[in-house]
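# Secondary and tertiary structure notes
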Amino acid sequence: MIVSNLLIIFPILILSAELIARGAEKLEEFMGQGMAGGIVMGLLTALPETIFVIIASIRGEPYIALGSAIGGNVMLFTFGVGLLGIYNFLRWKKNLVIAEDYSVEHRFLIASTMLLLIVLIYGSLDIYTSIPLLSLYGYYTYYRVKKFVKEDREEAETEEIIKAALYLVMGAFLLILFSGPFIGDVAELSSYFHIPSIWLALILTPLAGELEETITAIRLTTTSERGGSLAIFDFVGSKIQNATVLLAIVGLFNDVRLQPGMSEIVATLIANTFAIFILMDKNLGLKESIMLLFVYFLVAYFTLVF
């Protein structure tokens, strides 16, 4: 029953990825990759985790919410970026180069990583940590929008804006509707095979939850040499949100001691640090991509063993 559900839902998630990719490509033409990828796509592709974190927090399951909030950072910044870099090299026979100004996302990725380290040292998620976490993402959004307004870009045709909006809304609707059941079925299937809960929270559930975002990235890279760059903006923008807004939600609903979730946070800090240094030069090569895949499986192994 679970397998048949997965076989039905998976093609729908692929369709969702296609719709979001088409909408993002149209937005990029007049908004640029920072706004289209970092803000718009970042918000849309983070919706499933956001809803899942809110529900888990309301139900009083803060550690499930914690794993769902930041587990995606581990997956996307290692396996996701690595797979994207390898595919880009195979598709275009060259390194993936970030095509537009990436400095905003880079600075805020560093800031969110440092804030996460401070929260870890503080030892808990509560109202006092939630406020600075929300403030950082709010400032990121404000700064990116302000920068977009100042840029000299061609005005978009109303018809193209409507098309982009329709693609994104339909893709987001399918994503919200089917990503929850998909993650739930993967979790149930994993539990059936007696996979440890910490490994499920940190590795398998985020892998299922980030599947659509990874498919979208591959789709963007397939159709355009600039597509991989737009996907990187999406990855970074959505994971800045995960490490700020989603953690803040957990802290607003529950006063959570971080000691039981130490492995998730340390793994997230490691994944973020890799992303910071590897993407710093706006160039993602084949060797770096292969190394990131290795890091992902290494993290998966150590979380299972320890």
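Just so it is clear, the model here is predicted, and its values are computed rather than measured.

Looking only at helices and strands, the protein has eleven helices and four strands in total. Out of the 306 residues in the protein, the part that is buried amounts to 55%. Put simply, of all contacts in the protein between residues at least 6 apart along the chain, 87% involve residues at least 24 apart. A total accessible area of about 13500 Å² is found for the protein, and carbon and sulfur atoms account for 70% of it.

A few words on the nonpolar core. Ranked by internal contacts, the top residues of the largest apolar core, which has 78 residues, are Leu27, Tyr102, Leu109, Leu125, Ile232, Val236 and Leu247. It is helix α1 (residues 2-45) that provides the largest number of residues to this core, a total of 14 residues. The contact partners of leucine 109, leaving out residues within four places of it in the chain, are Phe77, Tyr102, Val236, Ile240, Asn272, Ala275 and Ile276.

Here we come to a nonpolar patch on the surface. On the surface, Ile54, Ile58, Tyr122, Ile127, Tyr128, Ile131, Leu134, Leu252 and Phe253 cluster together into a nonpolar patch covering about 910 Å² of accessible area. Contributing elements (two or more residues each) for the nonpolar patch: α2 (47-58), α5 (127-150) and α9 (227-253). The dominant element in the nonpolar patch, judged by the number of residues it contributes, is α5, at four residues. Counting through the fold element by element, isoleucine 54 comes out in helix α2. By relative accessible area, isoleucine 54 is classed as partly exposed at 30%.

Let us look at helix α10 (residues 262-278). Taking 1.5 Å per residue as the helical rise, α10 with its 17 residues ought to reach 24 Å, and the 24 Å between its terminal C-alpha atoms agrees with that figure. Listed as buried for α10 are Glu264, Ile265, Ala267, Thr268, Leu269, Ala271, Asn272, Ala275, Ile276 and Ile278.

On to the pattern of salt bridges. In total, this model carries eleven salt bridges according to the counting rule given. One salt bridge connects glutamate 18 with arginine 219, and the closest N-O pair in it is separated by 2.6 Å. You can see glutamate 18 sitting in helix α1 and its partner arginine 219 sitting in helix α8 (residues 211-223), a full 201 residues away along the chain. Overall, the relative accessible area of 22% leaves glutamate 18 in the partly exposed class. Since its relative accessible area comes to 16%, arginine 219 is described here as buried. A salt bridge links aspartate 101 to lysine 147, with the nearest nitrogen and oxygen atoms 3.2 Å apart. In this pair, aspartate 101 is assigned in the loop between β1 (96-97) and α4 (103-122) and lysine 147 in helix α5, connecting sequence segments 46 residues apart. Overall, aspartate 101 belongs to the partly exposed group, its relative accessible area being 33%. In the salt-bridge network here, residues are joined through shared partners; they are Glu18, Arg22, Glu25 and Arg219.

Attention shifts here to the side chain of aspartate 234. Along the polypeptide, aspartate 234 turns up in helix α9. Within the buried set, aspartate 234 has no salt-bridge partner at all; the shortest N-O distance to an opposite charge, 7.5 Å, is to lysine 239. Once you skip the residues sitting within four places of it in the chain, aspartate 234 turns out to touch Gly37, Gly38, Met41, Gly42, Thr45 and Glu213.

The end-to-end C-alpha separation of α5 is 35 Å, in line with the 34 Å expected for 24 residues at 1.5 Å each. Every buried residue belonging to α5 is among Thr129, Ser130, Leu133, Leu136, Tyr137, Tyr140 and Arg144, and all of these are buried.

The rules behind these values
Residues numbered from 1 in each chain as written. Predicted model: local features only at pLDDT ≥ 70, side-chain atom pairs only at ≥ 80, totals over all residues. Heavy atoms only, no water. Helix = DSSP H or I, 4+ residues; strand = E, 2+ residues; numbered from the N terminus. Buried < 20%, exposed > 50% of the residue type's maximum accessible area, 1.4 Å probe, protein only. Contact = heavy atoms within 4.5 Å. Areas by Shrake-Rupley, 256 points an atom, 1.4 Å probe, with all protein chains shown as cover. Core = buried A, V, L, I, M, F, W, Y, C linked by side-chain atoms within 4.5 Å. Patch = residues over 30% accessible without salt bridge, like charges linked within 9 Å, V, L, I, M, F, W, Y side chains within 5 Å. Salt bridge = Lys/Arg side-chain N within 4 Å of Asp/Glu carboxyl O. Expected span 1.5 Å × (residues − 1). Lys, Arg positive; Asp, Glu negative; His and termini not counted.

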